[in-house]
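Residue-level structure breakdown
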Amino acid sequence: MNRILLVEDHERLAALISKQLNTAGIAVDVFEKIDTAWSAFQQIDYQAMVLDRGLPDGEGLSLLKRIRVAGNTIPCLILTARDALHDRVEGLDTGADDYLTKPFAMDELVARVRALLRRPAESIVLAPTFKDITIKPDISMMYCGAESISLAPAELQIMMLLVRKEGNVVRRSALEGAGWGLSEAVTPNALDVALHRLRRKLKAIDSRLELVNMRNSGYALR
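So, here is what we can say about the structure in this document. Note that residues are indexed from 1 along each chain, following the sequence as it is written. Given that this is a predicted model, residues contribute local features only at a pLDDT of at least 70 and side-chain atom pairs are listed and counted only at 80 or more, while totals for whole chains, interfaces and linings are drawn from all residues. Just so you know, side-chain values use all the structure's heavy atoms and leave hydrogens and water out.

Take the overall build of the chain next. Every helix listed is a DSSP run of H or I at least four residues long, and every strand listed is a run of E at least two residues long, numbered separately from the N terminus. When helices and strands are counted, the chain shows eight helices and 13 strands. Taken over the C-alpha trace, the chain has a radius of gyration of 18 Å; the compact-globule value for 222 residues is 17 Å, and the two agree within 12%. For the chain, contacts bridging at least 24 residues in sequence account for 60% of all contacts bridging at least 6. If you sum the accessible surface of the chain, you get close to 10,900 Å²; carbon and sulfur atoms cover 49% of it. Note on charges: Lys and Arg go in the positive column, Asp and Glu in the negative column, and His and the chain ends are not counted at all. To locate a charge, take atom NZ for lysine, CZ for arginine, CG for aspartate or CD for glutamate. With 29 positive and 29 negative side-chain charges, the chain shows a spacing of 5 Å between the two charge centroids. Values of the radius of gyration come from C-alpha atoms, whereas the globule rule sets the reference at 2.2 Å times the count of residues to the power 0.38. We call two residues in contact whenever any of their non-hydrogen atoms come within 4.5 Å of each other. Accessible surface is estimated by sampling points in the Shrake-Rupley manner with a 1.4 Å probe; for residues, cover comes only from the protein chains shown.

Below is the structure:
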């Protein structure tokens, strides 16, 4: 399951969007302000972003500008009630990949998000691979050669982040954010349980990789 960042201050609309995307197998973290969304973006490896323009603390495009200046190419869909041509052009020129005006059909939004997730970009790989491991998020499976094993939702997100980091250390907080998002309460040992299961699953498919605890730093595949 891919995880996207949704920045939308209309509570009911955000809930409807989250429900539809979750049904389509896409996890969503929802934020209503630019500052909190930026903080989440720096902690989580999101695969796409859906961004409203009119937010309580400013223009949504300012968040997109900040992300693009930082060199990140995350696919972005702009949501807005502004349907004038110059508004659409401004959004696309700022770095948006797609534009959807309100009101819109939920089926169309889901289809557009799926299209973003299929686009080749530095920040997105639909089947990330590292060494002898390949993750296929659309079917929640991990492969090593001819061997395969299923992954629970949190395990999938954690493993995708570790694989994308290609052996680099990932902080514990980042792994928790990947597995459960920033808005979901996590029990103190939830990550330890998930990592234990992932270690067993790596062994079960005969991977040469190990999930290593780098003391006082985080975790990495080595």
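Following the structure, the description resumes.
Spatial ordering of the open sheet is given by β2-β1-β3-β6-β7, a layout of five strands whose pairing is parallel. The open sheet is flanked by β2 (26-31) and β7 (98-101), the only strands paired with a single partner. Here the average twist between neighbouring strands, direction ignored, is 20 degrees. If DSSP finds at least two bridges between two strands, the strands pair. For strand β1 (residues 2-7) and β2, the ladder comprises six bridges, and the chain directions are parallel. Its bridge partner lying in β2, Leu5 is registered against Asp29. Angles run from 0 to 180 degrees between N-to-C directions of axes, and those axes are lines fitted to C-alpha atoms, restricted for helices to the stretch in contact.

What follows is about the sheet that holds strand β9 (residues 133-136). Spatially, four strands are ordered β8-β9-β10-β11 in an open sheet, and the strand pairing comes out antiparallel. Of all strands in the sheet, those bounded by a partner on one side alone are β8 (129-130) and β11 (147-150). Bridging between strand β10 (residues 141-144) and β11 involves four bridges; their strand directions are antiparallel. The residue bridging Cys144 from the neighbouring strand is Glu147, located in β11. Contacts between helix α6 (residues 153-164) and the sheet are confined to β8, β9, β10 and β11, with β9 contributing the most and set at about 135 degrees to the helix.

What follows deals with empty space enclosed by the protein. The way it works is a 1 Å grid over only the protein atoms, where trapped points that fit a 1.4 Å probe form a cavity and open points with protein on both sides within 12 Å along at least five of seven lines form a pocket, and then any residue with an atom within 4 Å of a point lines it. Grid points are joined across faces, edges and corners, and a volume is the space filled by probe spheres set on the points. As enumerated under the stated definition, the model contains one cavity of 30 Å³ or more in all. Quantified by volume, the largest cavity comes out at close to 60 Å³. Together, Arg3, Ile44, Asp45, Gln47, Gln157, Met160, Leu161, Arg164 and Ala178 line the largest cavity. A per-element tally of the lining of the largest cavity places α6 first, with four residues. Here the residues of the lining of the largest cavity are counted per class, giving four nonpolar, two polar and three charged. Nonpolar residues are Ala, Val, Leu, Ile, Met, Phe, Trp, Tyr, Cys and Pro. Charged residues are Asp, Glu, Lys and Arg, and all others, Gly as well, are polar.

Moving on to helix α1 (residues 11-23). Over its 13 residues, α1 runs 18 Å from end to end, which matches the ideal 18 Å to within 8%, given 1.5 Å per residue. Residue burial is assigned from relative accessible area. The probe radius is 1.4 Å, only protein chains are included, and a residue is buried under 20% of its type maximum, exposed over 50%, and partly exposed in between. Among the residues of α1, those classed as buried are Leu13, Ala14, Ile17, Ser18 and Leu21. One side of α1 holds all its buried residues, which, seen down the axis, span an arc of 135 degrees. Seen from the open side of α1, the exposed residues pointing more than 90 degrees away from its buried face are Glu11, Arg12, Lys19 and Thr23. Positive backbone phi, approximately 85 degrees, marks Gly25, located one or two places after α1. Every helix has an expected span of 1.5 Å times one less than the residues it contains. The arc in question is traced by the directions running from the helix axis to the C-beta atoms.

Attention now moves to the side chain of Asp52. Here Asp52 is to be found in strand β3 (residues 48-52). Since its relative accessible area comes to 5%, Asp52 is described here as buried. A polar side-chain atom of Asp52 sits 3.3 Å from a polar atom in the side chain of Lys102. In protein, a polar contact means a hydrogen-donor-capable atom and an acceptor-capable atom, both N or O and within 3.5 Å, with residues adjacent in sequence counting only if both atoms are side-chain atoms; elsewhere, any N or O pair within 3.5 Å suffices.

Honestly, it's all geometry; don't read function into it.
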